[in-house]
Amino acid sequence: MLDTSIIQKLTDRVLHAQDSATTMTKLTDEYPSMSIADGYAVQDELRRRWIARGDRCVGLKAGLTSKAKMLQMGVDVPSFGILMASFARPENSAIDTRELVHPRVEAEIAFVMKDELKGEVSIEQVIAATDYIIPAVEVIDSRYEKFKFDLASVIADNGSSARFVAGGRPRDPREMDLRTIGVVIEKNGEIMALGASAAVLNHPAKAIVMLVKHLAERGEVLPAGSYVMTGGITEAIPVTAGDSITARFQDMGSVSFRFI
Ligand code: 0L1
Ligand code: MG
């Protein structure tokens, strides 16, 4: 593990890049021995600092959970990240690209939990502990120059998370086949990507199974009330100011917003 003073220094660097919407080179260029655990140590410090600023943790995200995303980013395991209240934007809002570096959007199924989950759990236990599922779009914004990064660096950048918008129609997961939810992403009225929810680890609830295991390895639980994003169903779509996004989810409505 990297020394605590180095974790602090790397957190300064990541926070500066996020706050000022500027790029940085991947952290492993300077610290080649940096591990996945070091990446999560930076995330822990980011969360501590966000909370000290008055922000609130509303949930967690799983990322890189589809083959399309893994191929696009050249990795073979998911990453997990933190979702703060300050990342949330309402449906139909205008997201300011001046606060972002090179944003991309991903359509995801989000779960809102009614019960705490901990340890080794099954997909059935995840569904039983879920209050409702809801369509969501994550705006990811890797702060790494030209998207040159590795898994440890991405994790330290909180899985590239920047903004998220939830909307459409909340549904009871017990009433749906969670593997066959069709999703279409439109940019300026044109279809850019489409897929089915099984693209996420064959079942989006599997992302929560893996998240809960990851938390248990760190002595943590997934609290009741958590909002959890399970990862992009298709590849991520690049966006710029002036773009309008609509993500349509079969039997769940749609989520729309724009970039200015
Ligand atoms: O949400 C995610 O799938 C994480 C993506 C991390 C890498 C990227 O910036 O695309
Ligand atoms: Mg995502």
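Above this text sits the structure in question.
Rules of the game
- Residues numbered from 1 in each chain as written.
- Chains lettered and ligands numbered in written order.
- Predicted model: local features only at pLDDT ≥ 70, side-chain atom pairs only at ≥ 80, totals over all residues.
- Heavy atoms only, no water.
- Donors = N, O, S within 2.8 Å, 3.2 Å for Na, K, Ca; no water.
- Helix = DSSP H or I, 4+ residues; strand = E, 2+ residues; numbered from the N terminus.
- Buried < 20%, exposed > 50% of the residue type's maximum accessible area, 1.4 Å probe, protein only.
- Pairing = 2+ DSSP bridges.
- Core = buried A, V, L, I, M, F, W, Y, C linked by side-chain atoms within 4.5 Å.
- Contact = heavy atoms within 4.5 Å.
- Near = heavy atom within 4 Å.
- Polar contact = N/O pair within 3.5 Å; in protein donor to acceptor, adjacent residues only side chain to side chain.
- Areas by Shrake-Rupley, 256 points an atom, 1.4 Å probe, with all protein chains shown as cover.
- Nonpolar A, V, L, I, M, F, W, Y, C, P; charged D, E, K, R; others polar.

Undergrad: Got a minute to help me understand the coordination of the magnesium ion (ligand 2) in this structure?
TA: Around a metal, the ideal angle is 109.5 degrees if four donors adopt a tetrahedral arrangement and 90 or 180 degrees if six donors adopt an octahedral arrangement. Here the magnesium ion (ligand 2) is held by Glu 106 (OE), Glu 108 (OE) and Glu 138 (OE), and the distances to it run 2.0 to 2.1 Å. Counting gaps between the donor residues of the magnesium ion (ligand 2) yields the pattern E-x1-E-x29-E. Residue Glu 106 is located in strand β4 (residues 104-113), and its partner Glu 138 is located in strand β5 (residues 130-140); the two are separated by 32 residues in the primary sequence. When its relative accessible area of 3% is taken as the criterion, Glu 106 is described as buried.

Undergrad: Please explain the sheet that holds strand β3 (residues 94-95) as it appears in this structure.
TA: Hydrogen bonds between backbone atoms are what pair the strands of a sheet, whose relative direction is either parallel or antiparallel. Read across the sheet, five strands follow the order β3-β12-β11-β7-β8 without closing on themselves; strand pairing throughout is mixed. The sheet is open, and its two borders are formed by β3 and β8 (190-196), each paired with just one other strand. Here β3 pairs with strand β12 (residues 253-259) via two bridges, running parallel. Its bridge partner lying in β12, Ala 94 is registered against Arg 258.

Undergrad: Explain the pairing of strand β1 (residues 57-63) to me, please; I cannot follow it from the model alone.
TA: Note on strand geometry: in a regular strand, side chains alternate between the two faces of the sheet. Burial analysis of β1 places five of its seven residues in the buried class, which makes it a mostly covered element. As judged from the six bridges shared by β1 and strand β2 (residues 79-84), these two strands associate in the antiparallel manner. Bridging across to β2, Gly 63 finds its partner in Ser 79. As defined by bridge partners, β1 adjoins strand β9 (residues 227-229) across three bridges and the pair is classed as parallel. Counted as the bridge partner of Gly 59 is Tyr 227 from β9.

Undergrad: Explain the nonpolar core here, please?
TA: Of all hydrophobic cores here, the largest spans 83 residues; its most connected members are Val 105, Leu 222 and Phe 257. If sequence neighbours within four positions are ignored, Val 105 has contacts with Val 137, Glu 138, Val 139, Ile 185, Glu 235, Ala 236, Ile 237, Val 239, Ile 245, Phe 257 and Phe 259.

Undergrad: Looking at this model, I keep getting lost on the site of ligand 1. Mind explaining?
TA: Close to ligand 1 lie 13 residues; Lys 61, Leu 64, Glu 106, Glu 138 and Ser 160 are nearest. Between ligand 1 and the protein, one listed contact pairs an oxygen atom with a backbone N or O atom of Leu 64 at 2.9 Å. A distance of 3.1 Å is found between an oxygen atom of ligand 1 and a side-chain nitrogen or oxygen belonging to Glu 106. Taking 310 Å² as the accessible area of ligand 1 by itself, protein coverage stands at 100%. Elements supplying a minimum of two residues to the shell around ligand 1: β1, α4 (67-73) and β5. Looking at the shell around ligand 1 residue by residue, the class counts come to five nonpolar, four polar and four charged.

Geometric values such as these leave the question of function open.
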